[in-house]
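Analysis of the macromolecular model
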Amino acid sequence: MSGHIKYPEGGQKITVGADGKLQVPDNPILGFVEGDGIGPDITRACLRIWDAAVAKAYGGKRKIHWCELYMGEKAAGLYNGDYFPEETKEAMKDLVVSIKGPLTTPVGGGFRSLNVALRQDLDLYACVRPVRHYPGVPSPLKKPEDVDVVIFRENTEDVYAGIEYQSGTEENKKLARFLREEMGADFFEDAGLGVKPISPFGSKRLIRKAIQYAIDNNRESVTLVHKGNIMKFTEGAFRTWGYELAREEFPDQTITEEELYSTYGGKRPEGKVVIKDRIADIIFQLMLLRPNEFDVLATMNLNGDYLSDAVAAEVGGVGIAPGANISDTVAVFEATHGTAPKYANQDKVNPGSLLFSGVMMLEHIGWKEAAELITVAYGEVVSKKIVTYDFARQIDDANEVSTSGFANAVIDQINGDLDVAKYRRQDQQRQAALEQDRKERERRRVLAPLEEMIASGRIPHLVRDLMNPKPVSVPGDTTVEDAMHLMRDKGISSVFVQPGSDGQWGIMTQRDVLARIVQPSRRPNTVKVSEVCTKPLITVPEDMTLHDCAAKMASSNIRRVAVVDANGEPIGIISDTDIFASVEHFGLPE
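This is a predicted model, so every value here is computed, not measured.

Some thoughts on the overall build of the protein chain
Scanning the protein chain for helices and strands turns up 22 helices and 24 strands. Across its three principal directions, the C-alpha atoms of the protein chain cover 95 × 65 × 50 Å. Within the protein chain, buried positions represent 51% of all 590 residues. Taking all contacts inside the protein chain whose residues are at least 6 apart in sequence as the whole, residues at least 24 apart take part in 70%.

What follows is the structure, given as structure tokens:
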């Protein structure tokens with residue numbers, strides 16, 4: 001590199017193979033950004049720990065060659081006020097993997113957040129935030145060990161796209177006129193205006209990465225988090241596109257939560273990832289009350305921002321919460337907290353967030369042995385009550401140490417008689433407890449499905465949530481008598497009638513049999529279902545809201561409608577009884 005960035009001698013760059021997988025040499029060059037405020041303190045401490053773990057794990061056969069990159073205040077001093085120089089962007093792309101401390105966004109109008117700029121300029125579309133509890137870390141929860149979730153937050157769209165127009169500006173007035181006069185929108189005068197773009201492309205690539213992670217790591221479910229009951233065409237669309245992607249790209253590895261109940265009787269098939277969704281405000285409650293029910297969360301930018309910090313607070317706070325920003329090739333790991341200028345250069349703060357982001361980085365490049373050493377050593381040190389000031393305030397008889405002192409304690413553990421086998425046994429016990437929890441939830445789903453749906457926060461609001469899938473159909477030349485026997489055997493009140501020469505689907509209900517067979521005294525064994533069925537079908541798409549579906553049923557004076565796919569083929573049926581039961585238990589759909 002030219003300019004201020006110098007690649008270290010003796011190191012080799014990581015490359016990306018044709019299959020998209022990293023090619024990592026034993027002497028990789030990894031980039032690091034020191035960060036602002038407390039950044040230098042925690043970065044110095046973490047570099048020492050990461051190096052010690054690599055040296056111990058591989059006996060000197062592997063070594064990271066660190067290359068300093070520049071962002072934030074340090075960059076501004078070197079690059080004539082440029083807080084995110086082009087040289088750093090190019091180096092991050094070139095080195096493929098890097099890590100950064102917290103950064104200060106310069107004060108004043110016209111400056112984007114440096115973190116937002118990083119994600120958008122390098123198209124680091126997935127913010128990945130694993131949140132779990134470590135032994136000894138103080139937590140407000142009674143059972144913090146139940147929290148073990150990975151949050152995938154879309155990084156490039158939503159309100160973070162920065163499409164905003166300040167109140168009183170000409171741009172604002174122009175947009176306001178257009179919205180009122182051309183689009184019929186109604187809002188207060190002088191309102192600041194923002195645009196919330198949510199695209200199929202941006203949503204699907206984020207959800208794709210989340211589902212693949214769940215498959216690769218034997219996770220039980222992926223939950224799409226959204227506020228689609230209010231923002232139907234942005235957040236609601238995110239949910240719809242997520243189900244579409246799972247159905248189209250992972251048909252053999254995933255099932256929907258609806259299928260879990262209706263097709264599999266509440267029992268999750270071995271190796272299948274359950275795709276489900278929850279309203280954003282409800283997920284905050286559930287992550288406090290039933291956190292062990294959620295494995296992977298996939299959501300949009302703003303929801304993900306709130307959610308990742310809130311869940312981190314359950315297990316020790318953002319001070320130890322790791323994170324990464326990842327594209328299809330480039331990965332930048334980061335401390336997830338702020339710069340805390342009050343404590344800058346005091347060697348005081350907890351390095352945990354950056355430290356565990358480095359653990360994520362080591363796992364990302366396949367150096368899992370070094371990552372495990374740090375995780376085990378950290379747990380040992382905290383369990384001995386050797387902690388920085390933030391934890392010391394919450395732990396009786398704590399041994400409060402500095403940032404560098406904490407690093408020394410972790411390194412001593414790494415180089416000492418560290419019982420990794422004990423940690424693995426404890427992890428196996430934790431996994432066994434998790435599996436037992438899964439079995440207990442499955443038992444409740446089988447024995448009391450509706451009660452478990454309510455308790456787990458599953459609130460139906462689209463037709464697909466309530467429809468009875470895989471409807472029964474018969475050829476048009478079937479006798480009414482045979483169709484009646486089939487309906488009785490299946491315990492159903494209607495059958496679809498397959499298209500004849502007219503190409504139209506029909507439906508025969510119990511009501512049709514009464515009105516067109518029993519009342520006129522016709523013999524059911526001599527009449528074909530094509531003669532008494534109702535045509536054409538009144539249909540609704542699977543993504544129609546329950547409110548709109550109920551309105552259509554009322555206006556058509558019918559008790560059930562066919563649910564069709566994009567090709568007009570019946571894929572389910574929904575009745576007034578289904579909607580009645582939903583309203584009784586969950587209230588009116590929003």
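Additional details are given in the paragraphs that follow.
Remarks on the pairing of strand β14 (residues 322–326)
Of all five residues making up β14, five are buried, and the element is well covered by its neighbours. Residues Pro322, Ala324 and Ile326 line one face of β14 and the alternating positions Gly323 and Asn325 line the opposite face, and both faces are buried. In terms of strand pairing, strand β6 (residues 126–132) meets β14 through three bridges, oriented antiparallel. Its bridge partner lying in β14, Cys127 is registered against Asn325. Of the strand pairs in this sheet, β14 and strand β15 (residues 331–335) are connected by five bridges, and their pairing is antiparallel.

Topic: the packing of helix α9 (residues 280–289) against helix α10 (residues 301–313)
The contact between α9 and α10 brings their axes to 11 Å, and the two run at 10 degrees. With respect to each other, α9 and α10 are oriented roughly parallel. Touching Ala280, Ile283, Phe284 and Met287 of α9 are Asn303, Tyr306, Leu307, Ala310 and Val311, all from α10. Of the residues contributing to the contact of α9 with α10, the split by class is eight nonpolar, one polar and no charged.

Some thoughts on the sheet that holds strand β20 (residues 494–497)
Spatially, three strands are ordered β19-β20-β21 in an open sheet, and the strand pairing comes out mixed. Strands at the two margins of the open sheet, each flanked by one partner only, are β19 (473–474) and β21 (506–509). Here β20 runs beside β21; their pairing, made up of four bridges, is antiparallel. The residue bridging Val495 from the neighbouring strand is Met508, located in β21. The strands touched by helix α18 (residues 480–490) are β19, β20 and β21; relative to β21, the strand with the most contacts, the crossing angle is about 70 degrees.

Regarding the pattern of salt bridges
Any two side chains of opposite charge can pair, so long as their charged atoms come close to each other. In this structure the tally under the stated criterion is 46 salt bridges. Residue Arg430 is joined to Asp427 by a salt bridge in which the shortest nitrogen-to-oxygen separation is 3.1 Å. Residue Arg430 and its partner Asp427 are located together in helix α15 (residues 420–447), separated by three residues, close to a single helical turn. Arg522 is the salt-bridge partner of Glu531, the closest N and O atoms lying 3.5 Å from each other.

With respect to the side chain of Thr88
Inspection of the secondary structure assignment puts Thr88 in helix α3 (residues 86–95). With sequence-adjacent residues up to four places away left out, Thr88 is seen in contact with Ile5, Leu69, Tyr70 and Met71.

Definitions and limits used
- Residues numbered from 1 in each chain as written.
- Predicted model: local features only at pLDDT ≥ 70, side-chain atom pairs only at ≥ 80, totals over all residues.
- Heavy atoms only, no water.
- Helix = DSSP H or I, 4+ residues; strand = E, 2+ residues; numbered from the N terminus.
- Buried < 20%, exposed > 50% of the residue type's maximum accessible area, 1.4 Å probe, protein only.
- Contact = heavy atoms within 4.5 Å.
- Pairing = 2+ DSSP bridges.
- Axes fitted to C-alpha atoms, helices over the stretch in contact; angles between N-to-C directions.
- Parallel < 35°, antiparallel > 145°, perpendicular 65-115°, else oblique.
- Nonpolar A, V, L, I, M, F, W, Y, C, P; charged D, E, K, R; others polar.
- Salt bridge = Lys/Arg side-chain N within 4 Å of Asp/Glu carboxyl O.

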